[in-house]
Each structure stands twice: as C-alpha cells, then as structure tokens.
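# Residue-level structure breakdown
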Amino acid sequence: MRSILLGVSAAFFFAFTFVLNRSMDLSGGSWMWTASLRFIFMVPLLGALVLLRGKFRTLIQEMRKNPKAWLLWSFLGFGLFYAPLCIAAAYGPGWLIAGTWQITIISGSLLVPLFYETIHTSGGTIKRRGIIPWKGLSMSLLILAGIILMQIQHAQNVSVAEVLMVLIPVLIASFAYPLGNRKMMEVCEGRLDAFERVLGMTIASLPIWILLAVIAFVDTGMPSSSQTFQSFVVALASGVIATVLFFKATDMVKGDMQRLASVEATQSLAVVFTLIGEISILSGALPPLLSWIGVLLVVIGMVLHSYNSRRKSNSTKNQKQTVSA
C-alpha cells in the first residue's frame, strides 16, 4: 500500500512536466533547451542530496564497475524518455501528451517477460522469467479506457498529424522509461538507493543533454529567463522529487512483477493532475461530463490496483508465517 501512495505522489509531481513543458512551448521556447536544462539542473540538486548522505563516492565506484550498462540504460531510461516528451509538447497540449503517456501502463506490463522475478517457496527462493500480469493488465485497461473518455472530446479538435506527432514520440518514451528503470535496478542489485540511482542515471545521460544544449544554442541562442526558471521547477518537481518517489516505490516491489505493474499504473493520475494544472495555470477549458466519467474510471482502476497489491502482500506474509510455524 505504501508503494502505491508513493506512486500517486510521484504522479502529482510528474504533472509539472506536462503543464510547464507546454507552457514553455507556447512561449516559443526550444524543446531542446526544455529537455537539456531539466537534467543539467538535476545534477547539482541530486548531487547535493547524495553528498550530504555521504554516498557520492559509493555511487562513482558503482558506476565504474559497469560504465557501458550505465550509459546504455540511462540513455534509454532518461534520454529516450524525456527528449520525445519534449518533442511531443511542440505538437499537442499537455492533456493530450499526459493522456497518451499512459500507454506506459500497457508498455510496462508487456516488458515483464524480459525480466526475472523472485518466487518464495518453502524450499527457499527461486528466480523465473516474468509472466505478463494479465489480471493487473485488465485493471490497466480500465484506467486506459477512463483516460480515453477524458480526452475524447478534446481529440475531436486535434488533427491527425498532431495526434501522430504526439503518439509516436510518447510511444517510444513509454517503453524506454520502464525498460531503463528496471534494467538499472538489475545492474545495481540493491546496492544503491533511489537517490543514488537517479543521480547516476542523470550523470550517465549528460552527453545527450549537453549535445542538445549545444545544438539549441547554435539554433536559437540562449534560453529565456522564463524558460530557464520553468525548467528548474520541472527539474526539482519532476526530475528530483517525482523520479525519486517513483524509483523508491518500484524499489519496494522489485522482484514482484504484478505489484510493480500496479505501482507503474499510478502514473495514470498524472492526467488528472495535468488537467487541473492546465485549467488553473494555462486557463484551459473545464472538461466536459464525459471526461469526468473518465476520471471516475481512473480512480476505480487505481482502487482495484491498490486492493489487489495489498491483498497479494498480505497473502505473501501469511505464507511466510505458515512456513515459519
């Protein structure tokens, strides 16, 4: 249950990404500056936290053990996650991007067979290749149906070209983010906590952000003070707070692919938070009745995920107590 609450909190802070990225695009900011500034700002923010906890040297030593894996999975988990989202922000409103992003609910579940999960038995623990959690996936489909209802009225006013320019980049991001996150958990094997792992992935992905910053400078010059400030807010809210909360939640349920899928499904609430943000900050239109029905479906899906996760956790505890007796 705690992992679900952490996931919901992460969804709230992730919503800053969709609202402010759209705001920066509407004000004429380059998507390359939007993408690169977030991660450039994240380095000192996260670095200070890790240094204060006395873990920076441990992180560097861990990264030196397997630099190729860090570069690869950080490029996927951060580079191919955030750059496409920033590109999409240039072609669609925040609600459309946030709604399309929820395809990651399905993407995360479909990636399960690429990983091994830990199974507890009376004879000890064994590892087996993950099986797609069809029950959890059905709940994810309920959430996805709710999101479609929330967006259907808006989508009628969006051209096919705009839909594709949002759909394709976000689809890439929806697979890259959970894949990079899970692979880095495998590489770290519990030796690093969420703060250290996020900082490590941020540092390892810096080459792509520096390259984008250079291209943006040549193309458009320096970013405006408004874009710089909003990028800093995104870095703090989404890049640091939300990412650490989400990684902490996934750490709590690693090895259990069904519960991991439930945690990842909490990110669907980012749509709700984004709608609220666009209405209050960007003066967006109030959603119609059909969209509110979609919100209700999302909430129902979340409750079912939370209930199923807690029931599975209680069942596991009971089994352990029986074995101990």
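Since this is a predicted model, take the numbers as computed values, not measurements.

### Describing the pattern of salt bridges
- Evaluated as defined, the whole model comprises seven salt bridges.
- Here Lys 65 and Glu 62 are joined by a salt bridge, their closest N and O atoms 3.5 Å apart. Separated by three residues within a single helix, Lys 65 and Glu 62 lie in helix α3 (residues 56–65), roughly one turn from each other.
- The exposure class of Lys 65 is exposed, given its relative accessible area of 60%.
- The partner of Arg 191 in a salt bridge is Glu 62, and the shortest N-O contact between them spans 2.6 Å. With Arg 191 in the loop between α8 (160–188) and α9 (194–204) and Glu 62 in helix α3, this residue pair connects regions lying 129 residues apart in the sequence.
- Judged by relative accessible area, Glu 62 falls into the buried class, the value being 5%.
- Residues joined in a network through salt bridges with shared partners are Glu 62, Lys 65, Glu 189 and Arg 191.

### A short note on the packing of α8 against helix α11 (residues 225–252)
- Two elements in contact, α8 and α11, have axes whose closest approach is 11 Å; the angle formed by their N-to-C orientations is 60°. By the angle between their axes, α8 is oblique relative to α11. Here the hand of the crossing between α8 and α11 comes out right-handed. Listed contacts from α11 to Tyr 177, Asn 181 and Met 185 of α8 are Thr 243, Phe 246, Phe 247, Thr 250 and Asp 251.
- In terms of residue class, the contact of α8 with α11 is made up of four nonpolar, three polar and one charged.

### Description of helix α4 (residues 67–89)
- Its 23 residues place the ends of α4 32 Å apart at the C-alpha level, agreeing with the 33 Å of an ideal helix rising 1.5 Å per residue.
- The sharpest bend along α4 reaches about 35° and sits at Phe 75.

Analysis parameters
Residues numbered from 1 in each chain as written. Predicted model: local features only at pLDDT ≥ 70, side-chain atom pairs only at ≥ 80, totals over all residues. Heavy atoms only, no water. Salt bridge = Lys/Arg side-chain N within 4 Å of Asp/Glu carboxyl O. Helix = DSSP H or I, 4+ residues; strand = E, 2+ residues; numbered from the N terminus. Buried < 20%, exposed > 50% of the residue type's maximum accessible area, 1.4 Å probe, protein only. Axes fitted to C-alpha atoms, helices over the stretch in contact; angles between N-to-C directions. Parallel < 35°, antiparallel > 145°, perpendicular 65-115°, else oblique. Left-handed = near helix turned anticlockwise from the far one by under 90°. Contact = heavy atoms within 4.5 Å. Nonpolar A, V, L, I, M, F, W, Y, C, P; charged D, E, K, R; others polar. Expected span 1.5 Å × (residues − 1). Bend = angle between axes of the 7 residues up to and from the residue.

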